[in-house]
Amino acid sequence: MNCQKQYCFSKVPIFQHLKAHEMEEISHIITHHHFDKGEIILLAGDRKKKLFIVRYGRAKVSHISTDGREYVMRVLEAGEFFGDVTLFNDEPQKSTVEALEKTEICSLDGEELMKILAGTPVTLFHMLAQLSSRLEETENQLSEAVSKEVSERLAAFILKSAATAGSDTFLLTLTKKDLASLLNTTRETLSRRLSAFQKEGYIEMTGKRIIIKNYDALENLL
């Protein structure tokens, strides 16, 4: 099934500069997949050579350590891509990707995509720039995990989530367990910090709905 041009890759920054005929070529190698909350989109160890794009919904990228603990590395939003590791080498996927809500994924055949991109080096450059940015983000997360307090990391997450939603109000799609993992803390500590933020009037939280009440206070924690 061909992908309509207003969907999928046309919304991804690395593809936005493509010419009409290049977009048309790529549209022929895309398939669509729907996932419900909790369904596995991509499993660690998979060797499929595909590039995956989140058309809508959200998904978490996690890694299982040798002792069986799950570490949430990042949350994918609409327009973001993953699976690119296998496009550049023969290594299997290192992480598992799971839908956090109803999610549609556009998958592009890796080998065919690379043939098309061979004629558009600018796109490859942008893809490598995205990968570099992602690596830098991971390094920053590791740095923050050892140098910043939980309150700082939580405040940064809340501000970033609101910015992504484009609103003072957003829904927390991660479980407390996953959010604690993302922030490199425990569920108990996370719960205490969220309660403290509410008591201080920084946020209002009802169920999974968070409303920022005091931006300045959160920013001052950073």
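Anyway, here's the lowdown on the structure attached to this text. These numbers were taken from a predicted model, which means no experiment stands behind them.

## Considering the environment of aspartate 84
Looking at where aspartate 84 falls in the secondary structure, it is placed in the loop between β6 (81-82) and α2 (85-88). In the structure, aspartate 84 is positioned 33 residues away from leucine 51 in sequence and 5.5 Å away in space, judged by C-alpha atoms.

## A look at helix α1 (residues 20-27)
Among all positions in α1, only Glu22, Met23, Ile26 and Ser27 are buried. Across the axial projection of α1, the buried residues extend over an arc of 140°, all falling on one side.

## Section: unusual backbone geometry
A positive phi angle is found at asparagine 184, which is not glycine, with a value near 55°. By the element assignment, asparagine 184 lies in the loop between α6 (176-182) and α7 (187-199). By relative accessible area, asparagine 184 is classed as partly exposed at 42%.

## Considerations on the sheet that holds strand β10 (residues 203-206)
Ordered by their spatial adjacency, three strands build an open sheet running β9-β11-β10, and the pairing between neighbours is antiparallel. The open sheet has two free edges, formed respectively by β9 (169-171) and β10, since each of these has just one partner strand. Strand-to-strand twist across the sheet, computed as the mean angle between neighbouring axes with direction ignored, equals 20°. Bridging between β9 and strand β11 (residues 209-212) involves three bridges; their strand directions are antiparallel. When the bridges of β11 are listed, phenylalanine 170 appears paired with isoleucine 210. This element, helix α5 (residues 150-165), spans β9, β10 and β11 of the sheet and lies at about 100° to β9.

Rules used throughout
Residue numbers restart at each chain and count upward from 1, following the sequence in its written direction. In keeping with the model being predicted, local features are shown solely for residues with a pLDDT of at least 70 and side-chain atom pairs are shown and tallied solely at 80 or more, while totals for entire chains, interfaces and linings include all residues. Only hydrogens and water are removed before side-chain values are computed, so all heavy atoms of the structure are retained for them. Every helix listed is a DSSP run of H or I at least four residues long, and every strand listed is a run of E at least two residues long, numbered separately from the N terminus. Partly exposed residues are those whose accessible area sits between 20% and 50% of the maximum for their type, while under 20% is buried and over 50% is exposed, using a 1.4 Å probe and protein chains only. To obtain the arc, one takes the directions from the helix axis to the C-beta atoms. When DSSP finds two or more bridges between a pair of strands, those strands are recorded as paired. Only the contacting stretch of a helix is used when fitting its axis, a line to C-alpha atoms as for every element, and angles between N-to-C directions run 0 to 180 degrees. We call two residues contacting when some pair of their heavy atoms lies within 4.5 Å.

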